[in-house]
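Here is what each chain is made of, one letter per residue.
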Amino acid sequence: MNKGKRHVLLLFRNRYRSNRALYFAVFFACMGLYLFLYLGPADLVARLPQWPPQFDWILLAIGSIAFVIFLFRMIASQIPYVQCTETNFKIQTPLYLIVFSYKRVQGTRPNALFEIFNKDKVSRREARFLGRYAGQTALVVDLTGYPMSLRWLKFWMTNLMFTPDGLGIVLWVQDWMTLNRELSDFKDKWRDRNSKKDDRVSLSPYARMLKDQ
């Protein structure tokens with residue numbers, strides 16, 4: 001099957017790269033302190049504030065959780081992408097694959113992020129995040145509907161992948177021009193194939209036989 005390029009979704013890449021070093025630092029600090037308490041010189045350990053040994057598991061728990069979050073954010077920043085195929089275009093989120101039919105696509109248009117999202121209509125956290133990339137361009141795909149409920153889609157794709165009116169999705173990729181061209185080309189080919197199928201179905205069996213000769 002013919003496929004387009006896999007375009008990395010920058011929303012996920014940039015979001016999951018932020019604070020990644022912080023989680024690793026917490027993991028390193030907790031594990032380092034835990035090992036120091038057991039392997040460090042006794043005279044230095046004795047100078048530390050008294051720490052009940054029965055609470056050592058807290059250091060392990062905090063360090064383990066921080067490492068899991070760090071590992072997840074590192075992997076999740078690499079997984080998400082959008083890709084066109086002959087029958088649909090798909091969006092791979094960190095944990096879920098969502099498929100959109102070309103039948104739902106009304107059109108595409110490039111927009112700067114600050115033009116798509118009004119700071120007064122997003123959360124403070126989202127506004128701070130957008131503030132760093134507001135001038136970058138994303139491709140907006142206007143749709144006639146969604147393959148599942150909008151609330152369920154937002155659970156996997158986040159609010160910043162949907163236009164404020166809920167009528168389109170926002171694809172923030174590095175090469176939006178190539179993605180725009182691929183969406184247009186694959187959609188046109190898909191419609192041509194389906195129109196030919198419809199024309200063939202509308203013919204009588206005898207007419208189809210003559211057409212094939």
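Scroll up to find the structure.
Below or above, wherever it landed, is the structure these notes cover.

The rules behind each value
Here, residues in each chain are numbered from 1, in the same order as that chain's written sequence. Under the rules for a predicted model, residues below a pLDDT of 70 receive no local features and side-chain atom pairs below 80 are neither given nor counted, while totals for whole chains, interfaces and linings still include all residues. Side-chain calculation: all heavy atoms of the structure are included, whereas hydrogens and water are not. Note: two strands are recorded as paired if DSSP finds a minimum of 2 bridges between them. Secondary structure elements are defined from DSSP: runs of H or I of at least 4 residues count as helices, runs of E of at least 2 residues count as strands, and each element is numbered from the N terminus. Lines fitted to the C-alpha atoms define the axes, with helices restricted to the stretch that makes contact. Angles between their N-to-C directions range from 0 to 180 degrees. We define the nonpolar core as a collection of buried residues of types Ala, Val, Leu, Ile, Met, Phe, Trp, Tyr and Cys that are connected through side-chain atoms lying within 4.5 Å of one another. A simple rule labels every residue: compare its accessible area, found with a 1.4 Å probe on the protein chains alone, to the largest value its type can have, and call it buried under 20%, exposed over 50%, or partly exposed in between. Between two residues, a contact is recorded if the distance between any of their heavy atoms is within 4.5 Å. Think of the arc as the fan of directions from the helix axis to the C-beta atoms.

**Considering the sheet that holds strand E5 (residues 105-112)**
Within the open sheet, the three strands sit side by side as E5-E6-E7. Their pairing is antiparallel. Sheet topology places E5 and strand E7 (168-171) at the edges, where each strand pairs with a single neighbour. Taken over all neighbouring pairs, the strand axes of this sheet differ in orientation by 25° on average, direction set aside.

**Comments concerning the nonpolar core**
Formed by 43 residues in total, the largest nonpolar core has its most connected members in Phe 89, Ile 91, Phe 100, Met 157, Met 161, Ile 169 and Leu 171. The greatest single-element share of this core, amounting to five residues, is contributed by strand E6 (residues 137-143). Filtering out sequence-adjacent residues up to four positions away, Phe 89 remains in contact with Val 82, Gln 83, Cys 84, Ile 98, Val 99, Phe 100, Tyr 102, Val 105, Val 141, Ile 169 and Leu 183.

**With respect to helix H6 (residues 124-131)**
Among the residues of H6, Glu 126, Ala 127, Phe 129 and Leu 130 are the ones counted as buried. In a view along the axis of H6, the buried residues occupy a sector of 165°, so they form one face of it. For H6, the exposed residues lying more than 90 degrees away from the buried face are Arg 124, Arg 125 and Arg 128. For H6, the elements touching its buried residues are helix H1 (10-17) and helix H5 (113-116).

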